[in-house]
Structures are given as structure tokens and as C-alpha cells.
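Residue-level structure breakdown
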Amino acid sequence: MNKLTDQIQAEVNKVVLGKEDIVRKVLLAILAQGHVLLEDVPGVGKTTLAKAFSKTLGLDSKRVQFTSDTLPSDIIGFSVFDKADGKLKYQSGAIMTNLLLADEINRTSSKTQSALLEAMEELQVTVDGVTRPLPKPFIVLATENPVGSAGTQMLPASQLDRFMLQLSMGYPNRASTAALLKDRHHVDPLSACQTVTSPAELEKLIAEVSNIYVADRIYDYIAELVDLTRSNAYVTLGVSPRGALAVTRAAKANAYLGGRDYVIPDDVCAVFPDVCVHRLILNSKARLQEYTAALILQNVLTSVQKPDIREFSSK
């Protein structure tokens, strides 16, 4: 494994106690140029996690607290008339940053949520007919409260599909809770976190991940898995082509964190559930029989034979 990725995880783990697996998955998404949706109850450290990554990676970051009156212009910016030169002048919004923390994204209107769609997919924003590129790297870490919480609404499928991973942090265990109470009594947890990289260095890591080798047999394996989600009897909407690309990019990042320059079937299995769980729309039959998206994806993984590891270990 790259020593720098070890350092990044170690620094974030100083702040977010007992969540090493979540920290690794968020770093995996960042290296794969993906965005992350953290769904959980309030108070489990979602915002702290985002801030810790921002500081550790040396990224410029901005936070938007989404509410019912948040406007699209708050996100992507707006134009104002400049009397001095008689032209419209662009005033940037919160989107012009490396890491955007979109807090409680499902509390705002669909119109405001849609302001993020172009940015998350094409890494640019268009205001008054003028398209502007976003800083590189650009990452959205969004948090949402569970559906059913007061003032929340479900995110549309087009929005969900742009997140590479949907994760749930959950409560820390008893030992981690005790350590958290002790450490946070007098000290800001983020003060323990050191910056170990920069945007330019992170871009180099992202480039290395993009060059990870993927064999044709792995592409076939991913395609077979994705196709089964679309033909499943309990699924109305399966994994999209964008989702299949996300599985591939995430598998490459998993291989990189595992110290390999090529993808093996286990890399695909490791990322497939987290990449796809929020992309499935289940039908009434699934709800009646209490099938969940996570269970369906596990069934898909077990129903497809993995390619022989010997095909790849000899590379």
C-alpha cells in the first residue's frame, strides 16, 4: 500500500474513532474520483469525518447547511451587474471548492438539489449560459438524515446515481465511545489531525489509481453482476451504466489500497454492495417479502461464479 494513503487513514482515524472501515471506504471513493453520501442519525460524526478528510488532505473546503430555503444560487453562484464596466460579474457559490460538505442534503428542495447534478457529473457549473470548471480535485461529501425524519424527503434517483458510495457510520462501540468521551473533554478532535498531502499530491494519487490494470474478464464479471440487478424479480430499476463505471473505478481504488496495480475479483466483491445499494429501486413484491437492496446484492454476488484468481495473480 502507498505509504501516503496509510498516513491519510491514520490521521483521520485519530479524529473518527472506531470507524476504520468507513474511513477506508471514503478514501477509496476520493481516489476513484467519486462522491460519498453518508446516511445516518444525527450525532454519529458524519460532519467531523468530512472535516477530518478536508484537513488531512490539505483541501479547500466549504460547508452548506441545506434547509428548505436554500437556493440554487447559494450553491453554484450568481451574476450581478457591475456598474464600473457595465457587465455581469460572476459571484461564486459554495461549489467553488475542493471538498464540499453538503450537510443534511435531503432537507432542501429538489430544485436546490438539482444544482449539484452538473457539478458532480461533469465537474463544472453553468450560470447565465457561461460554463466554469470546478477546482481539482472536486469531491462532495453529503450527509442525510434517515427518510422519515422531520422535514426530510427522499433524494431523486438521478441525484443518488451520482454518488459513488452510500455509507452508514452507525454508533461507535463501547470502547470507542469511552475513548471519545475522554479525548473530547478538553480538546477539539480536529486539533489532533495533521495535513499530510496537498491537492496536487492527491491528484497524483488519483492518476495512479486510474492507471490500475483491469483485465477483460473483470469487465465481463462486472457486466454480469450489473445485468443481474436489472433482471431481478424484486427490482424495478437496476444498476445504471454510470453505476457500472463506478464499480470499476472503485474496484481499481480498492486494488490500489491493497498494494496491487491490477484488479482481482475480490476487489469487485468488496465494493459492489456499497456502490450499488442506493441505485436499486425495489418493487412492491420485494417490500412485501421484506427484501432489502443489500440482501439482493449479496444474492447477486453469490449467484455469479467469480473468475479464477490464478488468471490475475500471475500478471
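Look up a bit, the structure's there.
A few words now on the packing of aromatic side chains. What the rule picks out here adds up to 1 aromatic pair. Directly above the aromatic system of Y90 lies the positively charged group of R132, at a separation of 4.0 Å from the ring centroid. When the ring centre of Y234 is taken as reference, the NZ or CZ atom of K285 above it lies at 5.2 Å.

Okay, the packing of helix α9 (residues 199–210) against helix α11 (residues 241–257) next. In contact at an axis separation of 9 Å, α9 and α11 are set at 110 degrees when each is read in the N-to-C sense. Put simply, α9 runs roughly perpendicular to α11. On α11, the residues touching L205, E208, V209 and S210 of α9 are K252, A253 and Y256. Along the lines of polarity and charge, the residues of the contact of α9 with α11 split into 4 nonpolar, 1 polar and 2 charged.

This part covers the nonpolar core. Side chains that are nonpolar tend, in soluble globular proteins, to be buried together. Counting residues in hydrophobic clusters, the biggest one holds 71 residues, and the most contacted among them are V26, L31, L49, F53 and V268. Per-element accounting of this core gives the leading share, 9 residues, to α11. Ranked by size, the runner-up nonpolar core spans 25 residues in total, among them L37, I76, F138 and F163.

Of the voids in this model, the largest pocket is the one considered here, and its volume is about 670 Å³. If you trace the largest pocket, you find 27 residues lining it, with M154, L160, H278, L280 and I281 closest to the centre. Mapped onto the lining of the largest pocket, the elements with two or more residues apiece are α7 (157–160) and β11 (281–282). Here the element with the most residues in the lining of the largest pocket is α7; it accounts for 3 residues. What the second largest pocket holds in volume is close to 370 Å³. The wall of the second largest pocket is formed by 22 residues, among which Q33, G34, H35, M120 and R249 lie closest to the centre. Of all elements in the fold, only α6 (117–122), α9 and α11 reach the threshold of two or more residues within the lining of the second largest pocket. No other element matches the 4 residues that α11 contributes to the lining of the second largest pocket.

For the rest of this paragraph, the subject is the environment of G170. Summarising the element assignment, G170 is placed in the loop between β9 (165–167) and α8 (174–183). By relative accessible area, G170 is classed as partly exposed at 21%. For the pair G170 and I22, spaced 148 residues apart in the sequence, the C-alpha separation amounts to 9.9 Å.

In this section: helix α12 (residues 265–276). Spacing of three or four residues puts side chains on the same side of an α-helix, whose turn is 3.6 residues. Given a rise of 1.5 Å per residue, 12 residues ought to cover 16 Å, and the 16 Å separating the end C-alpha atoms of α12 matches this to within 8%. Turning to α12, its buried residues number three or more, namely P265, D267, V268, V271, F272, P273, D274, V275 and C276.

This paragraph deals with the sheet that holds strand β1 (residues 36–39). Pairing in this open sheet of 5 strands is parallel, and the strands run β2-β5-β8-β1-β9 from one edge to the other. Edge positions in the sheet fall to β2 (61–65) and β9, since each of these pairs with one other strand and no more. For this sheet, the mean angle separating the axes of adjacent strands, direction not counted, is 15 degrees. Here β1 runs beside strand β8 (residues 139–144); their pairing, made up of 4 bridges, is parallel. Bridged to V36 within β8 is L141. Contacts from helix α3 (residues 46–57) reach β1, β2, β5 (99–103) and β8 within the one sheet, and its direction differs from that of β5 by about 175 degrees.

Attention shifts here to the pattern of salt bridges. Tallied over the full model, the rule gives 10 salt bridges. Linking E121 and R242 is a salt bridge whose minimum nitrogen-to-oxygen distance equals 3.0 Å. Of this pair, E121 sits in helix α6 while R242 sits in helix α11; the two residues are 121 residues apart in sequence, bridging distant segments of the chain. With relative accessibility at 38%, the residue E121 sits in the partly exposed group. With its nearest N and O atoms 2.5 Å apart, the salt bridge here joins D266 to K306. In this pair, D266 sits in helix α12 while K306 sits in the loop between α14 (293–303) and α15 (310–313), placing the two residues 40 residues apart along the sequence.

Let us look at α11. A rise of 1.5 Å per residue sets the reference length of α11, with its 17 residues, at 24 Å; its end C-alpha atoms lie 25 Å apart and thus fit the reference within 8%. With respect to burial, α11 is a largely interior element, 13 of its 17 residues being buried. Residue G259 follows α11 closely and has a positive phi angle near 85 degrees.

Conventions and cut-offs
- Residues numbered from 1 in each chain as written.
- Predicted model: local features only at pLDDT ≥ 70, side-chain atom pairs only at ≥ 80, totals over all residues.
- Heavy atoms only, no water.
- Phe/Tyr/Trp six-rings, centres within 6.5 Å; stacked < 30°, edge-to-face > 60°.
- Lys NZ or Arg CZ within 6 Å of the ring centre and 35° of its normal.
- Axes fitted to C-alpha atoms, helices over the stretch in contact; angles between N-to-C directions.
- Helix = DSSP H or I, 4+ residues; strand = E, 2+ residues; numbered from the N terminus.
- Parallel < 35°, antiparallel > 145°, perpendicular 65-115°, else oblique.
- Contact = heavy atoms within 4.5 Å.
- Nonpolar A, V, L, I, M, F, W, Y, C, P; charged D, E, K, R; others polar.
- Core = buried A, V, L, I, M, F, W, Y, C linked by side-chain atoms within 4.5 Å.
- Buried < 20%, exposed > 50% of the residue type's maximum accessible area, 1.4 Å probe, protein only.
- 1 Å grid on protein atoms, 1.4 Å probe; cavity = no way out; pocket = protein on both sides within 12 Å on 5 of 7 lines; lining within 4 Å.
- Points joined across faces, edges and corners; volume = space filled by probe spheres on them.
- Expected span 1.5 Å × (residues − 1).
- Pairing = 2+ DSSP bridges.
- Salt bridge = Lys/Arg side-chain N within 4 Å of Asp/Glu carboxyl O.

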